Amino acid sequence: MGKKMKHYQNTPRFACHWTFLLLSAALFTISITARAVQPFDYAEALTKSLLYFESQRSGRLPYNQRVTWRDHSGLTDGLEQGVDLVGGYYDAGDHVKFGLPMAFTVTMLSWGVIQFHNEIAVAGELEHALEAIKWGTDYFIKAHTSPSVLWAEVGDGDTDHYCWQRPEDMTTSRQAYKIDQNNPGSDLAGETAAAMAAASIVFKKTNPHYSLLLLHHAQELFEFGDKYRGKYDGSVAVVKSYYASVSGYMDELLWAAAWLYEATDKEEYLNYVLDNAASFGGIGWSISEFSWDVKYAGVQIMASKLLKKEKHKQHAHILKQYRSKAEYYLCSCLNKNNGTDNVDRTPGGLLYIRQWNNMQYVTTAAFLLTIYSDFLQDSNLILRCPAGTVDREEILGFVKSQVGYILGSNPMEMSYLVGYGSKYPTRVHHRGASIVSYRDNKGFIGCTQGYDHWYNRVEPNPNVLVGAVVGGPDNEDNFGDQRDNYMQTEACTYNTAPLVGVFAKLLQLEENNEPEWAASY
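The rules behind the values
- Residues numbered from 1 in each chain as written.
- Predicted model: local features only at pLDDT ≥ 70, side-chain atom pairs only at ≥ 80, totals over all residues.
- Heavy atoms only, no water.
- UniProt positions renumbered as here; feature names shortened; annotations may be inferred.
- Helix = DSSP H or I, 4+ residues; strand = E, 2+ residues; numbered from the N terminus.
- Buried < 20%, exposed > 50% of the residue type's maximum accessible area, 1.4 Å probe, protein only.
- Contact = heavy atoms within 4.5 Å.
- Expected span 1.5 Å × (residues − 1).
- Core = buried A, V, L, I, M, F, W, Y, C linked by side-chain atoms within 4.5 Å.
- Disulfide = S-S within 2.5 Å.
- Pairing = 2+ DSSP bridges.
- Salt bridge = Lys/Arg side-chain N within 4 Å of Asp/Glu carboxyl O.
- Axes fitted to C-alpha atoms, helices over the stretch in contact; angles between N-to-C directions.
- Parallel < 35°, antiparallel > 145°, perpendicular 65-115°, else oblique.

By the naming in an unreviewed UniProt entry, the chain goes by Endoglucanase and is assigned to Hibiscus syriacus. UniProt, in the comment section headed Catalytic activity (unreviewed entry), describes the chain in these words: "Endohydrolysis of (1->4)-beta-D-glucosidic linkages in cellulose, lichenin and cereal beta-D-glucans." What the UniProt record of the chain gives under Sequence similarities (unreviewed entry) is the line "Belongs to the glycosyl hydrolase 9 (cellulase E) family."

(A) Focus on the UniProt feature "domain: Glycoside hydrolase family" (unreviewed entry) in the chain. This chain's UniProt record puts "domain: Glycoside hydrolase family" (unreviewed entry) on residues 42-502. Taken end to end, residues 42-502 is 48% helix and 5% strand, and its first and last C-alpha atoms sit 9 Å apart.

(B) Here's a closer look at the environment of Lys308. Along the chain, the position of Lys308 falls in the loop between α13 (296-305) and α14 (316-333). Of the residues examined, Lys308 reaches a relative accessible area of 42% and is grouped as partly exposed. Setting aside residues no more than four positions away along its own chain, Lys308 makes contact with Lys313, Phe375, Asp378 and Ser379.

(C) Inspection of helix α15 (residues 359-379) at higher detail. Taking 1.5 Å per residue, 21 residues should reach 30 Å; α15 reaches 30 Å between its end C-alpha atoms and fits that length. Along α15, 18 of the 21 residues are buried, which leaves the element largely enclosed by surrounding structure. Directly beyond the C-terminal end of α15, a positive phi value near 55° is found at Asn380.

(D) Spatial organisation of the nonpolar core. Membership of the largest hydrophobic core comes to 159 residues, with the highest contact counts inside it found for Trp111 and Leu383. A per-element tally of this core places α15 first, with eleven residues. The residues contacting Trp111, other than those within four sequence positions of it, are Trp255, Trp259, Gly298, Ile301, Met302, Phe367, Leu368 and Ile371. Formed by six residues, the second largest nonpolar core is a distinct cluster that contains Ile435, Val436, Ile445 and Trp454.

(E) A look at the state of the cysteines. In this structure the tally under the stated criterion is two disulfides. The disulfide partner of Cys163 is Cys447, and the gap between their sulfur atoms is 1.9 Å. The S-S bond linking Cys163 to Cys447 shows a torsion near -90°; that makes this disulfide left-handed. Linking Cys163 in the loop between α6 (157-162) and β3 (176-179) with Cys447 in the loop between α17 (431-434) and α18 (449-455), this pair joins segments that are 284 residues apart in sequence. Each member of the pair, Cys163 together with Cys447, is buried. Shown here is the disulfide that connects Cys331 with Cys385, its sulfur atoms set 2.0 Å apart. One disulfide, between Cys331 and Cys385, carries an S-S torsion of -85° and so falls in the left-handed class.

(F) Local environment of the sheet that holds strand β1 (residues 97-98). Pairing within the open sheet is antiparallel, and its three strands lie in the order β1-β2-β3. Each of the sheet's edge strands pairs with one partner strand only, and the pair in question is β1 and β3. Of the strand pairs in this sheet, strand β2 (residues 150-154) and β3 are connected by four bridges, and their pairing is antiparallel. Across the sheet, residue Leu150 finds its bridge partner in β3, namely Ile179.

(G) Focus on unusual backbone geometry. Of note in this structure, Asn335 is not a glycine but carries a positive phi near 65°. Of note, Asn335 is situated in the loop between α14 and β4 (344-345). Look at Asn335 and you get partly exposed, because its relative accessible area is 28%. Positive phi is not limited to glycine here, since Asn357 has a value of about 50°. Residue placement: Asn357 occurs in the loop between β5 (351-352) and α15. Under the relative-accessibility criterion, Asn357 is labelled buried at 4%.

(H) Main features of the pattern of salt bridges. Counted by the stated rule, this structure contains 22 salt bridges. Of the charged contacts in the structure, one is a salt bridge between Arg66 and Glu54, with a shortest N-O distance of 2.9 Å. Here Glu54 lies in helix α2 (residues 42-55) and Arg66 lies in the loop between α2 and β1, a separation of twelve residues in the sequence. You can call Arg66 partly exposed: its relative accessible area is 30%. Via salt bridges that share partners, Glu54, Arg57 and Arg66 belong to a single interconnected network.

(I) A look at the packing of α13 against α15. Viewed as axis vectors pointing N to C, α13 and α15 meet at an angle of 10°, and their least axial separation amounts to 11 Å. The orientation of α13 relative to α15 falls into the category roughly parallel. Residues Ala297, Gly298, Ile301, Ser304 and Lys305 of α13 lie in contact with α15, whose contacting residues are Leu368, Ile371, Tyr372 and Phe375.

Structure follows, in structure tokens:
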């Protein structure tokens, strides 16, 4: 679906002119080929991606904090409401703690560790991955203060965006907002249940007591979200301008049930996914994006994977419908659906969904495609799309092309993983990174002082936000490295989270000397 290039025909009048054209074309081909086969250091990318989560920490930082330009922040969060809400993650370049994207971040990190546990361990990054997950789940335990109460947000975007400060200097409102029986939020409760259920699988062997605690919270949250149904942005109005639940809550309830079944093997959760498949849209929606808001593709792929187990053959008629929708998503990413049912691409080959923070959709697509490639290998299957069949090698080739684009193989020759490669965004839209480190200068920087002295500086940020994946280029592969260009230069936790597992898998494939797949997409 990419734009067609115009072809111009030249009839050369002189042999030397023709030779020049051939030489130019050859050099151009060499240049493109060199870019296409550019080797990437997936081990470095994996290490740096996990560092990013330490930059986003709220609360009292631990003794082994590796990102040393950060310090303690948000130490009174929840105090006004009489609850301890210290900890968790800032979602992006500001200091609001938004529950929905934070939970999705933790779900994706956990799924990555579950699926690619050995690959992450061999790379020496398992401990850091577990720390990143636990920093989130420790906060969710605090935020779930009773079976039907979950604190949804700390701070609000409007007052927060009025200021440009380091998190250590925060003077903005830290009011906390909750969902409960009278103010439901099934989407938030469902996503948080999914995150805690997935994390309970991660910690089952290494920390069984903690795993059981997470599972208990996940089951309570799912029951709460299912019993008292409603969209969380109807109960927490301040979130609407930032993380509105456009897809509603049915995808999150299916998602939570799928993860609880994965964690417990209890039939009641499987039956929930099966019984509500049609009414909740699980086998109805054909979706070409997977994000903090829209979980259908994730549910559909999880349900598809159940087909390989003999005990699920009795449910094959519904599970195959889930698989059909999962394959629609995968085929749309691979440009193998019919007509307009494919995801757009930039001229440089990057998947393109929308203008604001497009890279989040690229990283989730790379993740789900990688997950499904493993499923195809384990099941000895191929993916059947309307425009042709696709095998595991082709899928992984396309994943490599998307990851390669992120790491610098693109028309801008820019790595969109901050701190990786020789050229990456240096003016990331991020309050803490753009102001002198608190550890270097503890002098208080006020609300508007940051705008006056730091926001409009043309110099690079004093602190490098290593491992962050920024919003990325526009639909023509153009990228403006300016701090005020927040659609492109702001990074989010859920951009990087899916790549942890993908980097580990690609590293393992490289070390096993699997062939270099050429993606002809």
